[in-house]
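Fold and geometry: a report
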Amino acid sequence: MNDILHWRRRLLAAASLCALLPGLVRAQPDLSKKLGPTIADSGSAFYRFERFDLRSDDGGRSYRVMLGIPRRAAPAAGYPAIFLLDGNAAMAAIDERQLQALDAAQPPVIVAIGYDTELRFDVTARAYDYTPPFPQGQVDEEAARGRKGGGADVFLDLLERQVMPRVRARAPLDDGRLALWGHSYGGLFVLHTLFSRGQLFRNYIAASPSLWWQRGVILDEEKNFVHAKAAPGVRLWVMVGEAEGRQRKAVSQGDAQADARAQSMLASRGAMPAQALPDMIARLQGKSGLEVSLRSFPGMAHGPMLPASLEPALRIAAGLPPYPGE
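What you see is a predicted model; the values in this text were computed from it and never measured.

Within this structure, the stated rule accounts for 13 aromatic pairs. Ring centres 5.3 Å apart and planes at 35 degrees place the aromatic pair Tyr 63 and Tyr 115 in the tilted group. Of this pair, Tyr 63 sits in strand E2 (residues 62-70) while Tyr 115 sits in strand E4 (residues 109-115), and the two are 52 residues apart along the sequence. Judged by relative accessible area, which is 2%, Tyr 63 ranks as buried. Counting every residue linked through ring pairs, the aromatic cluster contains Tyr 63, Tyr 115, Tyr 130, Phe 155 and Phe 189. The ring of Phe 225 has Lys 287 sitting right over it, with the charged end atom 4.8 Å from the ring centre.

Pasting the structure below:
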C-alpha cells in the first residue's frame, strides 16, 4: 500500500507541472508507421513462426494472427502462452535477445493478434475491438474521432471461440498459464476481460490502460467485479509511464482532422481524476483471490510504454521475474 501512496503522490505532482512535454504527437505511438520486417520474417534460433488470418463475423475487420512457437519440446502440461493485442506493433517490438531469455526459462507460445494491414495499427478496428460496451443511450465518444466503439465483447467472442482453438490446434497449451497483454486501448481491453471473463487467463497485463474512455465506464465494471467471486490464482499487472501524467494537457500539432481527434481524447482524459488508477488498484488489492501490482516507469511517456511493457510481459508469461536486476 505504501508503494501505491508513493506512486499516487508522484502522479499528482506530475499532473500539476506547468512545463508539459512538448507535443502530444511525439508522446503517442506513430499510428501511420509501416510495419516492415519483424522477427517472424528474419527468423529465430529459439522460435518458429506461423500465421493464420480471420475475419470478423460482420466482415468489417480482418485479422492477422502471428504465432511464435518455441523450438523446445512442449512440457507435459503444454506450453504457457501470451496473447498480444496490437499484434503488428507487438511483433515489431520483439527481438532475438528477448526470445533467447524466454528460451532459457519456460518459453511461452506467443500469439500476436494484429490486423491485416501493412501499418502497425488499425486505429478504426482497434477502437471498436478494444473498448467495452457502454450504457444504452450514452453517446459513443469514438464518433467524434470518426470511429465506432463498444465492441470488446464481440472481439472477446472471436478470441475465445476462434483464435484460441486455432492456436491449440497448432501447439499444446497449458490452460492454467495463459496471459493477456495490451497497451492503451488494449490495456483497457485487458481490464474489461478480467472484469467480465476472468477465468480465461491467469495473468492480465495492462499497460497504460485508457481508464478515461467513455467517461470511465471501465470503473463501473470494476465496481461490480470487486463484489463478484474471482477465479483463484489470477494476477493483474498494471504498468504506466510516470511522464503520462504530464501529457494530460499537451496540445497536438498537425492536420486539422488529427487535431480534432487528439483534442477529443484530451478532453476525455482531462475529465478523469489523476488518482483514478491508483485508487482502482487499491480497491482491487483488497479483493480475495486476486493479486495486483502497479509499476510506474520513470520518465516514460504513453507511446514508448508499448515496447517498454512488452518485454516484462513476455518474461511474466515465461515464469521469469519481470524486471531483472531487482
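Oppositely charged side chains can form a pair if their charged atoms are brought close together. Counted under the stated rule, the structure contains 22 salt bridges. The partner of Arg 170 in a salt bridge is Glu 50, with the nearest N and O atoms 3.6 Å apart. One end of the pair, Arg 170, is in helix H7 (residues 152-170); the other, Glu 50, is in strand E1 (residues 47-55), with 120 residues separating them in the sequence. The exposure class of Arg 170 is partly exposed, given its relative accessible area of 34%. A residue is classified by how much of its surface remains accessible, and Glu 50, at 25% relative accessible area, is partly exposed.

Turning next to the packing of H7 against helix H8 (residues 185-196). The interhelical angle for the contact between H7 and H8, taken along N-to-C directions, is 75 degrees, at an axis separation of 11 Å. Classified by the angle their axes make, H7 and H8 are roughly perpendicular. Taken together, the residues of H8 that come into contact with H7 (itself represented by Ala 152, Asp 153, Phe 155, Leu 156 and Leu 159) are Phe 189, His 192, Thr 193 and Ser 196.

Moving on, we get to the confidence of the model for the protein. Scored by pLDDT, the protein has a mean of 87; 84% of the residues are at 70 or more. Counted against residues more than four places away or in other chains, residues 1-26, with its pLDDT under 50, gives 47 contacts. Confidence drops under a pLDDT of 50 for residues 249-256, and excluding neighbours within four residues, the segment shows 16 contacts in the predicted structure.

Note that Arg 61 resides in the loop between E1 and E2. Among the polar contacts made by the side chain of Arg 61, one reaches the side chain of Tyr 63 at a distance of 3.2 Å. With residues near it in sequence (within four places) discarded, Arg 61 still touches Leu 54, Arg 55, Ser 56, Ala 125, Tyr 128, Asp 129 and Val 154.

About the thresholds
Each chain carries its own residue numbering, running from 1 in the written order of its sequence. Only residues with pLDDT of at least 70 get local features here, since the model is predicted, and only at 80 or more are side-chain atom pairs given and counted; chain-wide, interface and lining totals rely on the full set of residues. With hydrogens and water excluded, all non-hydrogen atoms of the structure serve as input to the side-chain values. Any Phe, Tyr or Trp ring, taking Trp's six-membered ring, that has another such ring centre within 6.5 Å forms a pair; planes under 30 degrees apart are called stacked, those over 60 apart edge-to-face, and the others tilted. Starting at the N terminus, helices and strands are each numbered in turn, a helix being any DSSP run of H or I of at least four residues and a strand any DSSP run of E of at least two. For every residue, the accessible area obtained with a 1.4 Å probe (protein chains only) is divided by the maximum for its type, and the residue is called buried under 20%, exposed over 50%, and partly exposed between those limits. Geometrically, a charge over a ring is one whose NZ (Lys) or CZ (Arg) sits within 6 Å of the ring centre while staying within 35 degrees of the ring normal. One side-chain nitrogen of Lys or Arg within 4 Å of one carboxyl oxygen of Asp or Glu is enough to make a salt bridge. Here an axis means a line fitted to C-alpha atoms, over the contact stretch when the element is a helix, while the angle between two N-to-C directions is reported on a 0 to 180 degree scale. To sort the angles, those under 35 degrees are grouped as roughly parallel, those over 145 as roughly antiparallel, those from 65 to 115 as roughly perpendicular, and the leftovers as oblique. Only heavy atoms matter for contacts: two residues are in contact if any of them lie within 4.5 Å across the pair. Each residue carries a pLDDT score, the predictor's confidence in it, ranging from 0 to 100. Nitrogen and oxygen atoms within 3.5 Å of one another constitute a polar contact, given that in protein one can donate a hydrogen and the other can accept it, and given that sequence-neighbouring residues count only through two side-chain atoms.

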